[in-house]
Structure formats: C-alpha cells, structure tokens
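If you want the building blocks of each chain, they are given just below.
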Amino acid sequence: MHLAYPAVLAALLFCTGLYGVLARRNAILVLMSVELMLNAVNLNLVAFDVWLSKAARETLHSGQALTLFTIAIAAAEIGIGLAIVLAVHRNRGTSDIDKLRDTAEGHETVGPDSDVLTAGPADGAGKAEATA
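A short tour of the structure in this document, coming up. Keep in mind the model is a prediction, meaning the values are calculated, not measured.

### Description of the overall build of the protein
In terms of regular secondary structure, the protein is built from three helices and two strands. Listing the helices and strands of the protein from first to last along the sequence gives α-α-α-β-β. Each of the 132 residues in the protein was classed as buried or not, and the buried ones make up 17%. Sequence-distant contacts in the protein: of pairs separated by 6 or more residues, those separated by 24 or more amount to 46%.

### Structural notes on a nonpolar patch on the surface
Taken together, the side chains of Phe-14, Leu-18, Leu-22 and Val-41 present a nonpolar region at the surface, about 340 Å² in accessible area. Here Leu-22 shows up in helix α1 (residues 4–23). The exposure class assigned to Leu-22 is exposed, which follows from its relative accessible area of 63%.

### Regarding α1
Residues spaced three or four apart along an α-helix point in a common direction, a consequence of the helix completing one turn every 3.6 residues. A rise of 1.5 Å per residue sets the reference length of α1, with its 20 residues, at 28 Å; its end C-alpha atoms lie 28 Å apart and thus fit the reference within 8%. Among all positions of α1, only Pro-6, Ala-10, Gly-17 and Gly-20 are buried. Buried residues in α1, looked at end-on, bunch into an arc of 85°, giving them a common side. Away from the buried face of α1 by more than 90 degrees, exposed residues Leu-12, Tyr-19 and Leu-22 are located.

### Quick look at helix α3 (residues 62–92)
Helix length check: α3, at 31 residues, gives a terminal C-alpha distance of 44 Å against a target of 45 Å (1.5 Å per residue), a fit within 8%. Among the residues making up α3, those that are buried are Gly-63, Thr-67, Thr-70, Ala-74, Gly-81 and Val-85. Downstream of α3 by one or two residues, Gly-93 has phi in the positive range, about 85°.

### Notes on the environment of Val-30
Of note, Val-30 is situated in helix α2 (residues 27–55). Given a relative accessible area of 16%, Val-30 falls into the buried group. In sequence terms Val-30 and Leu-18 are twelve residues apart; their C-alpha atoms lie 9.2 Å from each other.

Conventions we followed
- Residues numbered from 1 in each chain as written.
- Predicted model: local features only at pLDDT ≥ 70, side-chain atom pairs only at ≥ 80, totals over all residues.
- Heavy atoms only, no water.
- Helix = DSSP H or I, 4+ residues; strand = E, 2+ residues; numbered from the N terminus.
- Buried < 20%, exposed > 50% of the residue type's maximum accessible area, 1.4 Å probe, protein only.
- Contact = heavy atoms within 4.5 Å.
- Patch = residues over 30% accessible without salt bridge, like charges linked within 9 Å, V, L, I, M, F, W, Y side chains within 5 Å.
- Areas by Shrake-Rupley, 256 points an atom, 1.4 Å probe, with all protein chains shown as cover.
- Salt bridge = Lys/Arg side-chain N within 4 Å of Asp/Glu carboxyl O.
- Expected span 1.5 Å × (residues − 1).
- Arc of directions from axis to C-beta.

Next up, the structure:
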C-alpha cells in the first residue's frame, strides 16, 4: 500500500476537524472536532511507522507506541473537557461558546460596539444619550 492513501485521508480528517473547531459554536462539537484532528495525527503516525518499518527490518515501532500515548491523552482530555462543559452548562444553562466568553455573570462588557446609555451634560436636565 502506498503512503499517499493514509496521508490524504489523514489530511482530509484533519481539515474537517479544523473546520469544526473554527466554525462550530457548541462546545461539545468543538471537542469532537479536536478528537477528529487527533485521530488524523494517529493515522499519520501509524502510516509512517509502517512505511518506515518496511525500509528498516528491525524497528521499535515507535509511531505505534506514540499513537497509544496519544489515545490515552485524548481519552483524558475528552473526559475532563466534557466534565467542564457539563459544569458550565449546569451553571449557565448553555454550552454556546459565544455566550460563554464573559466570565462575570450579570455584568455586560462596555466596548466600542456596545450601546450603553450614559449621562449627558451636567445641566440638570437628566437626559441620556446613546453613545456609539
């Protein structure tokens, strides 16, 4: 088997995972996309290990050993990540990443894009104007 087939498949898996990380707003889907990217790396590690082991007869299969470590780290990462997402979902009621950016509950951020009413001139009129 040629090395190009698993390499192309791994590239497609990695690009799909990267798109999922960049485009998705749900935290669980982002974690699934990260797992897809890790699986693409694992596929590359095993493919290159098999390809290099054909060239040298006596090898230690270090790519396959590294893949086992990557799988163990990915399992720990998904366990901790899901625990954090579930805890945040219980506290905030959503797992949408855009809505979770503000860590202080009940406080709105004041920035150039927000429409905040501020007090006008100190002439006692009590008028409020919106600043952009």
